[in-house]
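Descriptive analysis of the structure
Spelled out from the first residue to the last, the chains are:
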Amino acid sequence: MDKNMSETLVRTGPGTAMGHLMRRYWVPILLVSEIAEPDCPPVRVQILGEKLLAFRDSDGNAALIDELHLAIVPVLLGSGEHLLGGLNLPALGYECVRRIEGARATHVTLRKRA
């Protein structure tokens, strides 16, 4: 096997031939016990060259994120629950890439740093 073929077979990041192939299949990345409870602390995972954040939402649904778009209404109604309370987004590797303030909402796009 030559060097080019070897490189093709081992590179699995986004936009690579093997990355494209591997993303067609289900690949386990962590145990369910690692994010067992709703609203438990998020877990950093890396799969196929991508750094992601695994978590369970308040309803207990498991999820992964690498980019997040939020529309935040400036006035909190109801219980006044803090939307991102307890999450230190910069420490988790997220950065704000766009913030647009409107009359009724603020739109924020967060992206996982590479």
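Provided above is the structure to which this section pertains.
Structure report, in brief. (Residues numbered from 1 in each chain as written. Predicted model: local features only at pLDDT ≥ 70, side-chain atom pairs only at ≥ 80, totals over all residues. Heavy atoms only, no water.)

1. Details of a nonpolar patch on the surface
- Where nonpolar side chains cluster on the molecular surface, the patch consists of Leu21, Tyr25, Val27, Ile29 and Leu64 and spans about 420 Å² of accessible area.
- On the secondary structure map, Leu21 appears in helix H2 (residues 17–22).
- On the basis of relative accessibility, which here comes to 34%, the residue Leu21 falls in the partly exposed class. (Patch = residues over 30% accessible without salt bridge, like charges linked within 9 Å, V, L, I, M, F, W, Y side chains within 5 Å. Areas by Shrake-Rupley, 256 points an atom, 1.4 Å probe, with all protein chains shown as cover. Salt bridge = Lys/Arg side-chain N within 4 Å of Asp/Glu carboxyl O. Helix = DSSP H or I, 4+ residues; strand = E, 2+ residues; numbered from the N terminus. Buried < 20%, exposed > 50% of the residue type's maximum accessible area, 1.4 Å probe, protein only.)

2. A short note on the environment of Leu30
- For Leu30, the position within the fold is in the loop between H2 and strand E1 (43–47).
- Judged by relative accessible area, which is 22%, Leu30 ranks as partly exposed.
- Along the chain, Leu30 and Val43 lie 13 residues apart, while their C-alpha atoms are 9.2 Å from each other.
- Setting aside anything within four residues of it in sequence, one finds Leu30 in contact with Ile35, Val43, Val45 and Ala54. (Contact = heavy atoms within 4.5 Å.)

3. Side note on the pattern of salt bridges
- Scanning all chains against the criterion turns up two salt bridges.
- Residues Glu7 and Arg11 are paired through a salt bridge, measuring 2.8 Å at the closest nitrogen-oxygen approach.
- A relative accessible area of 30% means that Glu7 is categorised as partly exposed.
- For Arg11, a relative accessible area of 47% corresponds to the partly exposed category.
- Close ionic contact of Glu50 with Arg23 constitutes a salt bridge, the shortest N to O distance being 2.7 Å. Taken as a pair, Glu50 in strand E2 (residues 50–56) and Arg23 in the loop between H2 and E1 lie far apart in primary sequence, 27 residues in all.

4. Notes on the side chain of Arg56
- Looking at the element boundaries, Arg56 is found in strand E2.
- Within the buried core, Arg56 has no salt-bridge partner, and the shortest N-O distance to an opposite charge, that of Asp57, equals 7.2 Å.
- At 2.7 Å, the side chain of Arg56 forms a polar contact with the backbone oxygen of Gly60.
- Setting aside chain neighbours within four positions, we find Arg56 in contact with Val32, Ile35, Ala36, Glu37, Pro38, Asp39, Asn61 and Ala62. (Lys, Arg positive; Asp, Glu negative; His and termini not counted. Polar contact = N/O pair within 3.5 Å; in protein donor to acceptor, adjacent residues only side chain to side chain.)

5. So, unusual backbone geometry
- Although it is not a glycine, Asp39 sits at a positive phi angle of roughly 60 degrees.
- One non-glycine residue with positive phi stands out, namely Leu48, at about 50 degrees.
- Mapped onto the elements of the fold, Leu48 is located in the loop between E1 and E2.
- By relative accessible area, which is 16% here, Leu48 ends up buried.

6. Quick notes on the sheet that holds E2
- Here three strands make up an open sheet; going across it, the order is E1-E2-E3 and the pairing antiparallel. Two strands in the sheet have a free side with no partner beyond their single neighbour: E1 and strand E3 (62–65). The sheet shows a mean angle of 35 degrees between the axes of neighbouring strands, direction not considered.
- Relative to E3, E2 runs antiparallel, the two being bridged by four bridges. From the neighbouring strand, Arg56 faces E3, where its bridge partner is Ala62. (Pairing = 2+ DSSP bridges. Axes fitted to C-alpha atoms, helices over the stretch in contact; angles between N-to-C directions.)

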